[in-house]
Amino acid sequence: MKHKEILELLNKMTIEEKIGQMVQIAGDIFLSEDKNAVLTGPLKDLHLHNEMVYSIGSVLNVIGARNVRQVQKEYLSKSRLKIPLLFMDDIINGYKIAFPIPIAQGCSWNIKVIKEMAEISAMESSIAGANVNFSPMVDLSRDARWGRVMESIGGEDPLLGEIYAKTIVETYQGKKLTEVGKIASCVKHIAAYGAVEAGRDYNTVDMSEREFRQYYLPAYKSAIEAGAEMLMTSFNILNGIPATVNTWLIQEIIRKELGFKGIIISDYGAIEETIAHGYSANGKEAAKNAINAGVDIDMMSSIYANYLKELCIENQEIENKVNESVLRILSLKNKLGLFENPYGNINEEKEKTYLMNPSNLEKAKKLTQETFVLLKNKHHILPINKDKKIAFIGPYVNNIGITGSWSMFSDRSQNHTLLDSFQEKLGNNIAYAKGSEILRQEEINKILSAEGLPMVHIENEAQKEQEMIASAVEISKRADIILLALGEHYKQTGEACSRSDIALPENQIQLINELYKLSKPMILILFNGRPLQLNTIEEKLDSILEVWFPGTTGAKAITEIILGEENPSGKLTMSFPQNVGQCPVYYNHYNTGRPHHDNFRYVSRYQDIPTESFYPFGYGLSYCDFKYTELHLNKHKISENETITVMVKIENQSNYAGYEVVQLYIQDVYGSVVRPVKELKAFKKEYFKPHEIKYVKFDISIDMLKFWNDKLDYVAEPGQFKVFVGGDSVKVLEDKFEFLLD
Ligand code: NOJ
């Protein structure tokens, strides 16, 4: 449709029809036989009347070619102006193929990996009818207590967030949204949602504008510059005002400063929640606050549906804003080609051949392997020698539930268990015992009851626990190596899954302790959605492979890594804390006036734990041994428009081939405001043959030295800088240079 025709369409719309476009509901209503039952059922709290339902603009989480076609058809048959619905979905880490959870994807430090996963997700979901994906989530995340760190693609680093955000948005959207396999990206959550106090979900965020601009804004900005069609607001307040109705944030920063022209959608119920926040006095005020701030779509609350009309009648300016919002929504429908073909790229035939196709599954396995992080490998116990007798112990050994909390659409028929995959390679050299449940009933029931789900009941739980441990010990006595598969429950991570205890569940720790008494080598395969507190178990383990929630091909991917057919190469994007009391802990912190050194009392430290993280940002081992030497700068002074070339020698001192992520950090030693001890400025993932030596090169430009200074200008200030290069953020070679004004 031409722009003129869209304007004509807008002119034909009644105010109710316009407001309808600005409302998003779950699609159940259209799939149900008895519409009235649904309106009095799951959607009853929305107080939507039947008429309104046939003018709403979009639905949430309806997917699958058949479903989408049915809903669109039914909707269009009753809608007066036949404006097609938009289908928006949470394809967070894949549709039918579940890829590793986003935090894991980020640990690949490989744009190609991120891109290829996004490509398959977009193709799978677009032929299944999705128009918009509520992804990527680019909230900078420093606090492991927050359950949603599992969704954070860049973890605690703004540069990773920026790079990944751009990659995903460009991959989802391509050049033209009408192309098969392309979907619009809805980037979330605007803004600073990852900074919720004490890691408690939906909690307060209060931070200086500088902190916000320096660390939290870059990833959203990068997504906007990459052309993201949509943004989603966050649940938190930002400096006293709920983000969803925060005019400074949405109007000043997002629309004016960053020039965002696309659609802004609230998060689920977030407009209505501004009442509970204590900001909007009632529904009408909530509607007014949200429309004035610039929210175009109200996701799953009744506020716009029930109050916008009244506001439009009272105030022409609000009606103008409604017109602007509707124009944005119609324009996206137009870009997606829905006026010409309301069924978009839905393709039942292609669904049959493309979804879960073997070549994508094979590809997924390779990509998944790059997301694992080898945290420990004493005496090179990994990879396991195939002749060894293995006792395979733990609740994740014979378990296909390894796809994470956002994989509700995934096809589990192709999920393998670790046990199957190992047996396929090793036959009878493996003995299995479950050893423990993931959680004790008291713990899992707390989670299930909050979701209104049936609870579990285990008779004589304590006795059964002892029996499970005993049989694990028995089996292990006859083995050469104990291979453990343990971790968090997937329901302990994700939205509303904040935790004050981030150690492994107590029953699993007990299992480790009992097996440790056998003095056999122990290897842990760790499943989890956040950095965990490992301090009480780490010493008992010879090796730890962090696999997060690895998705559909996870079991096969892990098997090949453990057996040395592939080599791990992931690096952490979030620091692991010594213990939960250290959260938030992150590498790019400030120094304080009393940095920790030696065992000195009046310095900034904890009395009971080290100051530094347990495993630092950027950390991850390989079966290769990489040695860094000869850091060399081609000059030690830089002025405007110049670059410094940094070179480092890296030697793979092993018989394995593998990848290493070479990382460059900079510290601005003095500034008009204090600067972090280190900031990631560049990285390269390099392939090394056995014993290969490589010289890796980086260019430092003035742009890399810029920051938000005391006047809130984004500039580089002259002075001294340190440069660090290494395989993580701690073990680095160091040099320095000076930035001089001409
Ligand atoms: C709430 C979550 O915060 C958001 O990330 C998600 O996209 C929406 N629900 C829709 O399911």
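Before reading further, recall that the structure is shown in the block above.
Worth saying up front: this structure is predicted, and the values here are computed from it rather than measured. (Residues numbered from 1 in each chain as written. Predicted model: local features only at pLDDT ≥ 70, side-chain atom pairs only at ≥ 80, totals over all residues. Heavy atoms only, no water.)

Focus: the site of the ligand
Thought 1: Close to the ligand lie 14 residues; D90, R148, K188, H189 and D267 are nearest.
Thought 2: Separating an oxygen atom of the ligand from a side-chain N or O atom of R148 is a distance of 2.6 Å.
Thought 3: H189 is positioned such that a nitrogen or oxygen atom in its side chain is 2.7 Å from an oxygen atom of the ligand.
Thought 4: Within the shell around the ligand, the residues separate by chemical class into seven nonpolar, two polar and five charged. (Near = heavy atom within 4 Å. Polar contact = N/O pair within 3.5 Å; in protein donor to acceptor, adjacent residues only side chain to side chain. Nonpolar A, V, L, I, M, F, W, Y, C, P; charged D, E, K, R; others polar.)

Topic: the pattern of salt bridges
Thought 1: Scanning the model with the defined rule gives 47 salt bridges in all.
Thought 2: The closest approach of N and O atoms between R142 and E211, which form a salt bridge, is 3.1 Å. One end of the pair, R142, is in the loop between β4 (132-133) and α9 (158-173); the other, E211, is in helix α10 (residues 209-225), and 69 residues separate them in sequence. An identical accessibility class is assigned to R142 and E211; each is buried. (Salt bridge = Lys/Arg side-chain N within 4 Å of Asp/Glu carboxyl O. Helix = DSSP H or I, 4+ residues; strand = E, 2+ residues; numbered from the N terminus. Buried < 20%, exposed > 50% of the residue type's maximum accessible area, 1.4 Å probe, protein only.)

Digging into the sheet that holds strand β21 (residues 679-688)
Thought 1: With mixed pairing, the five strands of this open sheet are ordered in space as β18-β26-β25-β20-β21. A single partner strand is all that each edge strand has here, and the edge strands are β18 (637-638) and β21.
Thought 2: Pairing between strand β20 (residues 658-668) and β21: nine bridges, direction antiparallel. Note on β21: the bridge partner recorded for V661 is K685. (Pairing = 2+ DSSP bridges.)

Quick look at the packing of aromatic side chains
Thought 1: If you walk through the whole model with that rule in mind, you get 24 aromatic pairs.
Thought 2: Between Y396 and F527, the ring centres sit 4.5 Å apart and the planes meet at 20°, which makes this aromatic pair stacked. You can see Y396 sitting in the loop between β12 (390-393) and α18 (418-426) and its partner F527 sitting in strand β15 (residues 522-527), a full 131 residues away along the chain. Residues Y396 and F527 agree in their burial class; the two are buried.
Thought 3: Centroid distance F614 to Y615: 5.0 Å. Interplanar angle 75°. Geometry classified as edge-to-face. (Phe/Tyr/Trp six-rings, centres within 6.5 Å; stacked < 30°, edge-to-face > 60°.)

Points about the environment of A431
Thought 1: You can see A431 is positioned in strand β13 (residues 430-433).
Thought 2: For A431, a relative accessible area of 30% translates into the label partly exposed.
Thought 3: Distance in space between the C-alpha atoms of A431 and E74 is 55 Å, their sequence separation being 357 residues.
Thought 4: Beyond its immediate stretch of four places on either side in the chain, A431 contacts I390, A391, F392 and I475. (Contact = heavy atoms within 4.5 Å.)

Some thoughts on the sheet that holds strand β17 (residues 626-633)
Strands pair in a sheet through their backbones, by hydrogen bonds, and they do so in one of two ways: parallel or antiparallel.
Thought 1: Overall, antiparallel pairing links the three strands, which are arranged β17-β19-β22 in an open sheet. Looking at which strands have only one partner, the edges of the open sheet turn out to be β17 and β22 (693-701). Going across the sheet, the axis of each strand differs from the next one's by a mean of 25°, ignoring polarity. (Axes fitted to C-alpha atoms, helices over the stretch in contact; angles between N-to-C directions.)

Topic: α10
Within an α-helix, residues lying three or four positions from one another point in the same direction, as the helix has 3.6 residues per turn.
Thought 1: Taking 1.5 Å of rise per residue, the 17 residues of α10 would be expected to cover 24 Å, yet its terminal C-alpha atoms sit only 21 Å apart, more than 12% below that figure.
Thought 2: The sharpest bend along α10 measures roughly 60° and falls at L217, with the proline P218 sitting one to four residues further on.
Thought 3: G227 sits one or two positions beyond α10 and adopts a positive phi of about 100°. (Expected span 1.5 Å × (residues − 1). Bend = angle between axes of the 7 residues up to and from the residue.)

Digging into the pairing of β13
Thought 1: Bridge analysis of β12 against β13 gives four bridges, and the strand direction is parallel. Each bridged residue has a counterpart across the sheet, and for A391 the counterpart in β13 is A431.
Thought 2: The β-α-β motif built from β12, the intervening α18 and the parallel element β13 has right-handed crossover chirality. (Right-handed = clockwise from strand over helix to strand, strands pointing away.)

Observations concerning the side chain of S407
Thought 1: Position of S407 relative to the elements: it lies in the loop between β12 and α18.
Thought 2: Within polar-contact distance, the side chain of S407 engages the backbone oxygen of G404 at 2.8 Å.

Some points on the nonpolar core
Nonpolar side chains in soluble globular proteins tend to be buried together.
Thought 1: Ranked by size, the top nonpolar core spans 217 residues in total, and within it Y304, F392 and L484 carry the most contacts.
Thought 2: Those residues within four positions of L484 in sequence are excluded, and the remaining contacts are I393, L511, I512, L515, M522, I523, L524, I525 and L541.
Thought 3: Formed by 27 residues, the second largest nonpolar core is a distinct cluster that contains L633, A682, F737 and F739. (Core = buried A, V, L, I, M, F, W, Y, C linked by side-chain atoms within 4.5 Å.)

Here's the deal with the side chain of E156
Thought 1: For E156, the position within the fold is in the loop between β4 and α9.
Thought 2: No salt bridge is formed by the buried E156. Its closest oppositely charged neighbour is R142, at 6.9 Å.
Thought 3: Here E156 is in contact with L140, S141, R142, T573, M574, S575, V585, Y586, Y587, N588 and F617, once residues within four sequence places are set aside. (Lys, Arg positive; Asp, Glu negative; His and termini not counted.)

A word on a nonpolar patch on the surface
Thought 1: Residues M647, I693 and Y695 make up a contiguous nonpolar surface patch of about 280 Å² in total accessible area.
Thought 2: For I693, the location among the structural elements is in strand β22. (Patch = residues over 30% accessible without salt bridge, like charges linked within 9 Å, V, L, I, M, F, W, Y side chains within 5 Å. Areas by Shrake-Rupley, 256 points an atom, 1.4 Å probe, with all protein chains shown as cover.)

Concerning unusual backbone geometry
Thought 1: That bond from S135 to P136 is cis: its omega, 5°, falls within 30 degrees of zero.
Thought 2: L382 connects to P383 through a cis peptide bond whose omega is -5°.
Thought 3: With respect to the secondary-structure elements, P383 resides in the loop between β11 (373-377) and β12.
Thought 4: Even without a glycine there, the phi angle at Y202 is positive, about 70°.
Thought 5: Its place among the elements puts Y202 in the loop between β5 (184-190) and α10.
Thought 6: At H379, a position not held by glycine, the phi torsion is positive, near 50°.
Thought 7: Note on placement: H379 falls in the loop between β11 and β12.

Overview of the state of the cysteines
Thought 1: Summed over the entire model, instances satisfying the criterion amount to zero disulfides.
Thought 2: There is no disulfide at C107, and the cysteine sulfur nearest it, in C583, is 16 Å away. (Disulfide = S-S within 2.5 Å.)

Concerning the pairing of strand β14 (residues 481-487)
Thought 1: Most of β14 sits inside the fold, with seven of its seven residues counted as buried.
Thought 2: The two faces of β14 match: I481, L483, A485 and G487 on one face and I482, L484 and L486 on the other face are all buried.
Thought 3: Across four bridges, the pairing between β12 and β14 is parallel. Opposite I393, over in β14, you have L484 as the bridge partner.
Thought 4: Here β14 pairs with β15 via six bridges, running parallel. Paired with G487 across the bridge in β15 is F527.
Thought 5: Handedness of the crossover joining β14 and β15 through helix α21 (residues 506-516) is recorded here as right-handed.

Spatial relationships are all this shows, so hold off on functional conclusions.
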